[in-house]
Amino acid sequence: MSVQADVYVASDDQDALRYDNQPAAFEEREQFGNFTELELSTLWAKITGIEWNVESLREFHTVLDQDDGERCIKRLPAAMALELARLSPDQISTSASKWAATDEMACEATDVQPIIEALVRLAKRASATGRNIYFWNCL
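The present account deals with the structure reproduced in this document. Throughout this document, residue positions are counted from 1 along each chain, in the order its sequence is written. Given that this is a predicted model, residues contribute local features only at a pLDDT of at least 70 and side-chain atom pairs are listed and counted only at 80 or more, while totals for whole chains, interfaces and linings are drawn from all residues. Heavy atoms from the whole structure form the basis of all side-chain values; hydrogens and water molecules are not counted.

In this scheme Phe, Tyr and Trp rings, the latter by its six-membered ring, pair at centre separations within 6.5 Å, and the angle between planes marks the pair as stacked below 30 degrees, edge-to-face above 60, and tilted otherwise. In total, this model carries nine aromatic pairs according to the counting rule given. The interplanar angle of 10° and the centroid separation of 4.0 Å between the aromatic rings of Tyr-8 and Tyr-19 together place this pair among those described as stacked. One end of the pair, Tyr-8, is in strand S1 (residues 4-10); the other, Tyr-19, is in the loop between helix H1 (13-17) and strand S2 (29-33), and 11 residues separate them in sequence. Residue exposure (1.4 Å probe, protein chains only): buried if accessible area is under 20% of the type maximum, exposed if over 50%, otherwise partly exposed. Classification of Tyr-19 by relative accessible area gives buried; the value is 1%. Both rings, one in Phe-32 and one in Phe-35, keep their centres 6.0 Å apart while their planes meet at 40°; by these two values the pair is tilted. Given a relative accessible area of 1%, Phe-35 falls into the buried group. Helix and strand definitions follow DSSP, with helices as H or I runs of at least four residues and strands as E runs of at least two, each counted in order from the N terminus.

Right, dumping it as structure tokens:
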């Protein structure tokens, strides 16, 4: 099963909803595949150095849920966005190694480092402009 995973910056939940029909209207976006908020929550745990807990999934606010979850938009937790924006290049590399080693990712650090770098770029942009980071999934 292929999962499309787009991460983008929007001003608020209402603005974020437009992404479902007009993704090209969002200049500040990155397109990936094969991860969901579960994998992002494990990244957040690795960045903060805490053990992952299923309750962390509740921090990803649902903005859109269509077709029984096959298409959704979630707002990344503000605390996660702040942590991402603060990561140094060395911390990005370390986080990539830790995230790649999780059961959810099970890959090489070089496979996920570009994802983290993109998340950091978007987090910095969102922070600088007072906006939020959103995550669009389509199964």
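The discussion continues.
The next subject is the packing of helix H2 (residues 37-48) against helix H3 (residues 78-86). Following both chains from N to C, one finds H2 and H3 inclined at 55°, their axes separated by 10 Å at the closest point. With respect to each other, H2 and H3 are oriented oblique. Considering the relative orientation of H2 and H3, their crossing is left-handed. Judged by residue contacts, Leu-40, Leu-43, Trp-44, Ile-47 and Thr-48 of H2 engage Ala-79, Met-80, Glu-83 and Leu-84 from H3. Of the residues contributing to the contact of H2 with H3, the split by class is seven nonpolar, one polar and one charged. Every axis corresponds to a line fitted to the C-alpha atoms, with the helix fit spanning only the stretch in contact, and the corresponding angles, defined between N-to-C directions, vary from 0 to 180 degrees. Roughly parallel means an angle under 35 degrees; roughly antiparallel means over 145; roughly perpendicular covers 65 to 115; every other angle is labelled oblique. Less than a right angle of anticlockwise turn of the near helix away from the far helix marks a crossing as left-handed, whereas a clockwise turn marks it as right-handed. By definition, residues are in contact when any of their heavy atoms lie within 4.5 Å. The nonpolar class holds Ala, Val, Leu, Ile, Met, Phe, Trp, Tyr, Cys and Pro. Asp, Glu, Lys and Arg form the charged class, and all remaining residues, Gly among them, are polar.

On to the side chain of Ser-56, then. Relative to the helices and strands, Ser-56 resides in the loop between H2 and strand S3 (61-66). A relative accessible area of 16% places Ser-56 in the buried class. Residues within four places of Ser-56 in sequence aside, it is in contact with Ser-41 and Trp-44.

With that out of the way, let us pick up H2. Taking 1.5 Å per residue, 12 residues should reach 16 Å; H2 reaches 16 Å between its end C-alpha atoms and fits that length. Most of H2 sits inside the fold, with nine of its 12 residues counted as buried. Every buried residue belonging to H2 is among Glu-37, Glu-39, Leu-40, Ser-41, Thr-42, Leu-43, Trp-44, Ala-45 and Ile-47, and all of these are buried. Next to the buried residues of H2 lie strand S4 (71-75), H3, helix H4 (89-100), helix H5 (109-129) and strand S5 (132-138). Downstream of H2 by a residue or two, Gly-49 has a phi angle that is positive, lying close to 75°. Multiplying one less than the number of residues by 1.5 Å gives the expected span of a helix.

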